[in-house]
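Below are the chains, spelled out letter by letter.
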Amino acid sequence: MPAMIANKGDTQRFLLLHLGPALVVAALLLAMDTTGIDTMVTNWFFDPVAGVFPLRQNGALEIIGHQWSKQLVIVVACCVIGCYLLTFVLQQLKPRRQLLLFLSLALTLAPLAVVLLKAISFRHCPWSLQEYGGFAPHLTLYDLVPPGLAPGHCFPSGHASTGFCLLAFYFAGLALGNHRLAMVGLWGGLAAGMTLGMVRVAQGAHFISHNLWTALVCWLVILALYVAIIGAPKKMLSAANTASTG
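Asker: Would you explain the packing of helix α4 (residues 97-119) against helix α8 (residues 208-229) in this entry?
Answerer: The angle between the axes and the distance between the axes are what describe a pair of packed helices. Where α4 meets α8, the axes come as close as 9 Å, and the angle between the chain directions of the two elements is 145°. The crossing of α4 and α8 is right-handed. Facing α4, whose interface residues are Q98, L101, F102, L105, A106, L109, A110, A113, V114 and L117, α8 presents T214, V217, C218, V221, I222, L225, Y226 and I229. Grouping the amino acids of the contact of α4 with α8 by side-chain chemistry returns 16 nonpolar, 2 polar and no charged.

Printed below as a string of structure tokens:
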């Protein structure tokens, strides 16, 4: 069973290592919202002559990239939750109860946090924006919402969170002292989130910045759960330092 927090200094160093880069990313995303990067990337997938996103109704993207991929991660989450419940029945799994609790919550609460943010968001999907033949204005984070505009519920990207929640396995690797699992969880989670997110960008459902904000939200939620449930002992700090330099 993972050791508990060694001391306050260890926790602070661990948070600095994992929270510091996230704050830098947040600052860059705030600056990105004043540029035309979102529009430039989305324009790659928009047909101005037909006035549509040709891949919006693409069967392969919709079924495999949107539906099946989400269901696959749901199956993974259900298996992890099932393993956690089995720790109350099987003595062999009891030493992993804390870790499985963390994974169970991370795989569910990280996407849920994104869903809740979408529920209060006024920003619309690209396919609904005036510049792409829709009705809504293109709002940045700094714009006031025009009177009478209905909420768009399109920020950040819910589908990308399906992949980014897998970043939880990076922290699982740290908890187990398993460098290979940590790296697979880190780069695999980032790759899965961006790949699934770009599927929706190609369909005109999101801007690329929506995906990056989703990555940030998932990372922060997972990090908070990790510190709250498992903590940051010296062993994990050593593994984290090795991962960051290796």
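Asker: How should I be thinking about the nonpolar core in this particular structure?
Answerer: The tendency in soluble globular proteins is for nonpolar side chains to be buried as a group. The biggest cluster of nonpolar side chains holds 50 residues, and the ones touching the most others in it are F14, F102, Y170, F171, W219, I222 and Y226. At the level of secondary structure, the elements contributing two or more residues to this core comprise α1 (8-32), α3 (59-86), α4, α5 (158-164), α6 (168-176), α7 (179-202) and α8. In terms of residue count, α8 provides more of this core than any other element does, 13 residues in total. If we ignore the near neighbours within four places in the chain, the residues touching F102 are A168, F171, A172, I222, L225, Y226, I229 and I230. Within the second largest apolar cluster, 8 residues are counted, among which are A136, L139, L149 and F207.

Basis of the calculations
Residues numbered from 1 in each chain as written. Predicted model: local features only at pLDDT ≥ 70, side-chain atom pairs only at ≥ 80, totals over all residues. Heavy atoms only, no water. Axes fitted to C-alpha atoms, helices over the stretch in contact; angles between N-to-C directions. Helix = DSSP H or I, 4+ residues; strand = E, 2+ residues; numbered from the N terminus. Left-handed = near helix turned anticlockwise from the far one by under 90°. Contact = heavy atoms within 4.5 Å. Nonpolar A, V, L, I, M, F, W, Y, C, P; charged D, E, K, R; others polar. Core = buried A, V, L, I, M, F, W, Y, C linked by side-chain atoms within 4.5 Å. Buried < 20%, exposed > 50% of the residue type's maximum accessible area, 1.4 Å probe, protein only.

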